[in-house]
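Report on the structure
Listed below, chain by chain, are the residues.
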Amino acid sequence: PDFRVGETCALDSLDMSNHKTRPPPYLSESDLLTLMDKHGIGTDASMATHIQNIQDRNYVALAEGRRMEPTKLGIALVHGYQLVD
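The structure presented is a predicted model; accordingly, all values stated were derived computationally and were not measured.

Criteria and thresholds
Residues numbered from 1 in each chain as written. Predicted model: local features only at pLDDT ≥ 70, side-chain atom pairs only at ≥ 80, totals over all residues. Heavy atoms only, no water. Pairing = 2+ DSSP bridges. Helix = DSSP H or I, 4+ residues; strand = E, 2+ residues; numbered from the N terminus. Patch = residues over 30% accessible without salt bridge, like charges linked within 9 Å, V, L, I, M, F, W, Y side chains within 5 Å. Areas by Shrake-Rupley, 256 points an atom, 1.4 Å probe, with all protein chains shown as cover. Salt bridge = Lys/Arg side-chain N within 4 Å of Asp/Glu carboxyl O. Buried < 20%, exposed > 50% of the residue type's maximum accessible area, 1.4 Å probe, protein only. Core = buried A, V, L, I, M, F, W, Y, C linked by side-chain atoms within 4.5 Å. Contact = heavy atoms within 4.5 Å.

1. Structural notes on the pairing of strand 2 (residues 67-70)
Across four bridges, the pairing between strand 1 (residues 60-63) and strand 2 is antiparallel. Opposite Leu-62, over in strand 2, you have Met-68 as the bridge partner.

This is the structure in structure tokens:
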């Protein structure tokens, strides 16, 4: 329904519950390739090299299910970039 500023409405019932949110899963190599392609990052020939580079530089480590889990160095790098912005 459309509401206007200051308008009130009566509630018939209200249920409250306590839940914890979960972060999304880490990206897999194929997820990252899809995002790189979508955003025009790299070429088909260079995408695998980019993924290998972030592993070789210890920014991510492969975890279960070929998911790329950020290392402490990778997290610090992202935080540093955020401070520059």
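2. Focus: a nonpolar patch on the surface
On the surface, a cluster of nonpolar side chains totalling about 420 Å² of accessible area is made up of Leu-11, Leu-14 and Met-16. If you trace the backbone, Met-16 turns up in the segment before helix 1 (29-38).

3. Some words on unusual backbone geometry
Residue Asn-58 is not a glycine yet carries a positive backbone phi of 65°. With respect to the element layout, Asn-58 can be found in the loop between helix 2 (47-56) and strand 1. According to the relative accessible area criterion, Asn-58 is partly exposed, its value standing at 42%. Here the phi dihedral of Arg-66 falls at roughly 55°; this positive angle occurs in a residue that is not glycine. Among the secondary structure elements, Arg-66 is positioned in the loop between strand 1 and strand 2.

4. Some words on the nonpolar core
Listed in full, the six residues of the largest apolar core are Leu-32, Met-36, Met-47, Ile-51, Val-60 and Met-68. Here Met-68 is in contact with Tyr-26, Leu-27, Ser-28, Glu-29, Leu-32, Ile-51, Ile-54, Gln-55, Val-60, Ala-61 and Leu-62, once residues within four sequence places are set aside.

5. Focus on the pattern of salt bridges
A full pass over the atoms with the stated rule returns two salt bridges. The closest approach of N and O atoms between Arg-66 and Glu-29, which form a salt bridge, is 2.6 Å. Of the two residues, Arg-66 sits in the loop between strand 1 and strand 2 while Glu-29 sits in helix 1, which places them 37 residues apart along the sequence. The partner of Asp-31 in a salt bridge is Arg-67, and the shortest N-O contact between them spans 3.0 Å.

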